[in-house]
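# Observations on the model geometry
Single-letter residue listing:
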Amino acid sequence: MFACLLLPQFRLAAALRWRDCHGPAAVVDDHAKGLLLEVNEAAAAKNIHPGLTPAQAMARDLRVHILPRSPAQEEVLNHILLDRALGLSPDVEATSPGLCVADLRRRPKPPSWHGLGDEVVARFAAEKLRASVAFAPTPDLALLAAKGTGSVAVVYDASAFAGSLPVGALELSSPLAGTLRAWGITTIGQWLALPRADMIERLGSEAAAVLQKVSGRSKRPLRLIRPTVPYTEAFDFEHEVNTTEPLLFLLRRFLGSLTERLQAGHRVARCLQLGIPLDDGSTYGRSFTIPAPTSDLDVLFRILDTHLSSLRLEQRPVGLRLEIEAGEQNGNQLGLFESALRDVNGFGETLARLKALLGEGSVGVPGKLDTFRPDAFALAPMFPPDAAVLREEPAYGIPLRRCRPPIFVTVETKAGIPVRLDSNFARGTVVETAGPFRLSGDWWDEQRWRTEEWDVELDGGAMLRLSRSGAEWKVEGAYELC
Amino acid sequence: MNASGEMGGRLDSLRALVEEKFPSRTVRPGRRRRIGCRPLDERSGGLLTGAVTEVTGSSSGAQLLLAALLGRAVQEGFQLGLVDASRSFHPADWPISQLNRILWVMCNEPKLAVQAVDFLIRDGNLPFLVLDLQGVREIGKVPASTWHRFHRLVEQSEIALVVLSSKPVVEGAAMRIVVHRAGHLAARLSQRRELVEQLELQIFERGAVEFVEPERKTA
């Protein structure tokens, strides 16, 4: 069997998604002379049909919503459609926008094809989408059945099904359609009843191809896609927004839809990519790594909420994009002596709050850089996973407390050795010195540096690290404060 | 009985009432956790969890106490938070195994540092939190009510909050440790573990006779 999944009035469904729009509605294509492309049932009831201009549509009913096409949403709907089809079978063809066909011959036969179809339609309905699903012995019959049904159709007998279809269900060229009409043939069954060889000789190769398609005897090979469906949602605002409230509202709905898809595929979110197109044409982007990958809606939403609550943008948002990088859920086996954080995602959220309070680059796990440059350090966003190092490395001396920034001081020297120090920070006679420790680096480029360091102890008890660059002396830090 | 004594008695009876009504909400402080500093571990059994400990005195001594705590963090595999109000932590002087155990939070003012500690206590993931206020001039700007709030917050958890300060500032600290100077310039060649072993410190616990309260400013 083959399954065909169809989103009827695809472009209209995409334009209407995430909008509270009741009553007659139509989608218009700016690139096709501004004519209506698709209309809903309420609009059709008012005699508004595709091909009219917006002015003609409004002349029939002033309340009609004329919506522009939403390419971002169309892409998202296609992803959702493929995701659902890939849930049925790994062999899926993306036939056209809003339409895909899945080859079910490799999967076990379900107890009821109708039951399976209802399940798929219900999943689309959960995302406020109307879908048609059809099962048939060939891809082309499945497609014809999906187009002819409002929800679920199952074709068991190919010839009986095809025989009952009107000729108008086939996309025929106008000369062929005209000839059949002139012959008084209205259904495919009547057409198939004609002597095949004579009829093909009279009507040509197009008729042969069409009849081959509807006979149910040929199964065309599907153009299979690679099953990598991105978990994305997008929305373009009609007007610029000034507050974060609409963004948060939409993000929650985006995440609701995306987490449901993740859970259906037994997958978890590893990373969130947030994109906010701005009114100057640029896009604000931010990536959030999920400390403990999850598909929990509340956890993922809190991460975005915490970030947006402290976000200040110079330009106003005109859209919203959210992409989830999904991964497999894998259990973590802890080492015997390793103790993990109790609530890793909660901790990640606390880190986000701290960064919002103190600024980026103020919170993290410190590390060393491969340089002797004074005060060079790295800052990792999270504890390393292989942190269970049981052996303690030897360390020497009293750890330095660094002055950031260094403090300029007046130093009196004798034969190049500091003997007295005077400043607001510390003052006194030097009673012990160690140094000089001459350091330099990056000699190969313009960022080269050179310094001379001294460790000194003053008569008042303070122990300091001094640095000298030319005639300038600075206190770099203290082993013992004054 | 004077007014403060009466107030204390009423507070005790109120606490007893809350404890009786909500037993699960009450965690008794007093569990001790060794930190790998022999002078401290042998004399008091380690740091108090679910309580605030203040370390005052010499900055070098406080740094060595932090070194002992980080050494224990590597051995036992736990992580700690260091809220650095003066941005003075110098990663180059610490072994990488210990750095991997620290969440370093850099603040420019005590007010932000206090807020950061508040976040981390409420988060509850890190069993040890160190608030480094040494060398901070505006230390007196932290209101006393902040410390009382921290007492109540950590009492509900197993967190040991350690405040490093040049002079006593934490009102009602459960334990106060006065550390003495850790050595002279020549100590830079000694193994840090030996310096920790030689630390001289005085330990005062709440309820003991010689408890040192912070100086109060008179209006």
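Residues numbered from 1 in each chain as written. Chains lettered and ligands numbered in written order. Predicted model: local features only at pLDDT ≥ 70, side-chain atom pairs only at ≥ 80, totals over all residues.

Let us look at the overall build of chain B. Across its full length, chain B holds 7 helices and 9 strands. Here chain B holds 219 residues, and 46% of them are scored as buried. (Helix = DSSP H or I, 4+ residues; strand = E, 2+ residues; numbered from the N terminus. Buried ≥ 20, exposed ≤ 12 C-beta atoms within 10 Å, placed from the backbone.)

With that settled, the discussion passes to the nonpolar core. Core analysis: the largest hydrophobic core is formed by 180 residues, its most contacted members being Ala 3, Cys 4, Ala 142 and Ala 145 of chain A together with Val 83 and Leu 129 of chain B. Considering every element that reaches this core, the biggest residue donor is helix α3 (residues 59–76) of chain B, with 10 residues. Every residue in contact with Leu 129 of chain B, bar those within four places of it in the chain, is listed here: Leu 80, Gly 81, Val 83, Val 117, Leu 120, Ile 121, Ile 159 and Leu 161 of chain B. (Core = buried A, V, L, I, M, F, W, Y, C linked by C-beta atoms within 7 Å. Contact = placed C-beta atoms within 7 Å.)

All names here are of chain A. Here helix α13 (residues 297–309) spans 18 Å end to end across 13 residues, near enough to the 18 Å set by a 1.5 Å rise per residue. Those residues of α13 not exposed but buried are Val 299, Leu 300, Ile 303 and Leu 304. Buried residues in α13, looked at end-on, bunch into an arc of 135°, giving them a common side. What points out from α13, more than 90 degrees from its buried face, is the exposed set Asp 298 and Ser 309. On its buried side, α13 packs onto α12 (245–264), β10 (267–277), β11 (283–294) and α14 (344–358). (Expected span 1.5 Å × (residues − 1). Arc of directions from axis to C-beta.)

Here we come to the confidence of the model for chain B. Confidence in the prediction for chain B averages 83 pLDDT; 86% of positions are at 70 or higher. In the predicted complex, the global pTM is 0.64; the interface-specific ipTM is 0.81. (pLDDT = per-residue confidence, 0-100.)

Remember that side chains alternate between the two faces of the sheet whenever the strand is regular. Pairing of strand β13 (residues 363–368) of chain A with strand β5 (residues 102–106) of chain B involves 2 bridges; the strand directions are antiparallel. Pairing of Val 363 of chain A across the sheet is with Val 105 of chain B, part of β5 of chain B. Both β13 of chain A and strand β14 (residues 377–380) of chain A contribute to a ladder of 4 bridges, which runs antiparallel. Within β14 of chain A, the position partnered with Gly 367 of chain A by the bridge is Ala 378 of chain A. (Pairing = 2+ DSSP bridges.)

Turning to the sheet that holds strand β16 (residues 417–422) of chain A, a few remarks are in order. Where strands meet in a sheet, backbone hydrogen bonds hold them as pairs that are either parallel or antiparallel. Strand order around the closed barrel formed by 6 strands is β15-β16-β17-β18-β19-β20 (chain A), with antiparallel pairing between neighbours. Between one strand and the next, the sheet's axes are offset by a mean angle of 45°, whatever the strand orientation. Bridge count for β16 of chain A against strand β17 (residues 427–441) of chain A is 3 bridges, and the pairing is antiparallel. Considered in β17 of chain A, the bridge of Arg 420 of chain A is made with Thr 429 of chain A. On the sheet, α3 of chain B packs against β15 (401–414) and β20 (472–480) of chain A and is oriented at approximately 60° with respect to β20 of chain A. (Axes fitted to C-alpha atoms, helices over the stretch in contact; angles between N-to-C directions.)

Before going further, it helps to examine the pairing of strand β1 (residues 2–6) of chain A. Residue and element names in this part refer to chain A. The buried count for β1 comes to 5 of 5 residues, which makes it a mostly enclosed element. Of the two faces of β1, both are covered, the one formed by Phe 2, Cys 4 and Leu 6 as well as the one formed by Ala 3 and Leu 5. Across 5 bridges, the pairing between β1 and strand β7 (residues 132–136) is antiparallel. When the sheet's bridge partners are listed, Cys 4 is paired in β7 with Ala 134. Both β1 and strand β6 (residues 99–103) contribute to a ladder of 5 bridges, which runs antiparallel.

In this section: the interface of chain B and chain A. On the chain A side, the residues contacting the 54 residues of chain B number 50 residues. Among the secondary structure elements, those contributing two or more residues to the side of chain B that touches chain A are α3, α4 (96–99), β5, α5 (110–123) and α7 (192–197) of chain B. Grouping the constituent residues of the side of chain B that touches chain A by class yields 25 nonpolar, 22 polar and 7 charged. (Nonpolar A, V, L, I, M, F, W, Y, C, P; charged D, E, K, R; others polar.)

Bringing the environment of Arg 107 of chain A into the picture now. Residue and element names in this part refer to chain A. Mapped onto the fold, Arg 107 is located in the loop between β6 and α5 (113–126). Its 15 C-beta neighbours within 10 Å are what place Arg 107 among the partly exposed residues. C-alpha separation for the pair Arg 107 and Met 1, spaced 106 residues apart in sequence, amounts to 9.6 Å.

With that settled, the discussion passes to the environment of His 114 of chain A. Residue and element names in this part refer to chain A. When you line up the elements, His 114 lands in helix α5. Sequence separation between His 114 and Val 152 is 38 residues; the distance between their C-alpha atoms is 6.7 Å. If near-sequence neighbours (up to four positions away) are discounted, His 114 is found in contact with Val 152 and Val 154.

What follows concerns the packing of α12 of chain A against α13 of chain A. Packed helix pairs are specified by the crossing angle of their axes together with the interaxial distance, meaning the distance between the axes. Residues and elements named next belong to chain A. In the contact formed by α12 and α13, the axes pass within 10 Å of each other and the chain directions differ by 155°. Regarding the angle of α12 to α13, the classification is roughly antiparallel. For the crossing formed where α12 meets α13, the hand is right-handed. Contacts between α12 and α13 involve Leu 247, Leu 248, Leu 251, Arg 252, Leu 255, Gly 256 and Thr 259 on the former and, on the latter, Leu 297, Leu 300, Phe 301, Leu 304, Asp 305 and Leu 308. (Parallel < 35°, antiparallel > 145°, perpendicular 65-115°, else oblique. Left-handed = near helix turned anticlockwise from the far one by under 90°.)

Take the packing of α5 of chain B against helix α6 (residues 144–155) of chain B next. Residue and element names in this part refer to chain B. Close contact between α5 and α6 brings their axes to 10 Å; oriented N to C, the two are set at 15°. What the angle tells us is that α5 and α6 run roughly parallel. In terms of crossing hand, the pair formed by α5 and α6 is left-handed. Residues Val 114, Val 117, Ile 121 and Arg 122 of α5 form the contact with α6, whose participating residues are Thr 146, Phe 150, Leu 153 and Val 154. In terms of residue class, the contact of α5 with α6 is built from 6 nonpolar, 1 polar and 1 charged.

Ordered by their spatial adjacency, 9 strands build an open sheet running β14(A)-β13(A)-β5(B)-β4(B)-β6(B)-β7(B)-β3(B)-β8(B)-β9(B), and the pairing between neighbours is mixed. In the strand order of this sheet, the two ends are held by β14 of chain A together with β9 (201–205) of chain B, each with one partner. With strand direction ignored, the average angle separating the axes of adjacent strands in the sheet is 25°. The pairing of strand β3 (residues 51–57) of chain B with strand β8 (residues 175–179) of chain B spans 5 bridges and is classified as parallel. Counted as the bridge partner of Gly 57 of chain B is Val 179 of chain B from β8 of chain B. Strands β13 of chain A together with β5 of chain B of the sheet are contacted by α14 of chain A, whose axis makes an angle of about 90° with β13 of chain A. Where α5 of chain B meets the sheet, its contacts fall on β4 (80–84), β5, β6 (128–132) and β7 (160–165) of chain B, and the angle it forms with β6 of chain B comes to roughly 180°.

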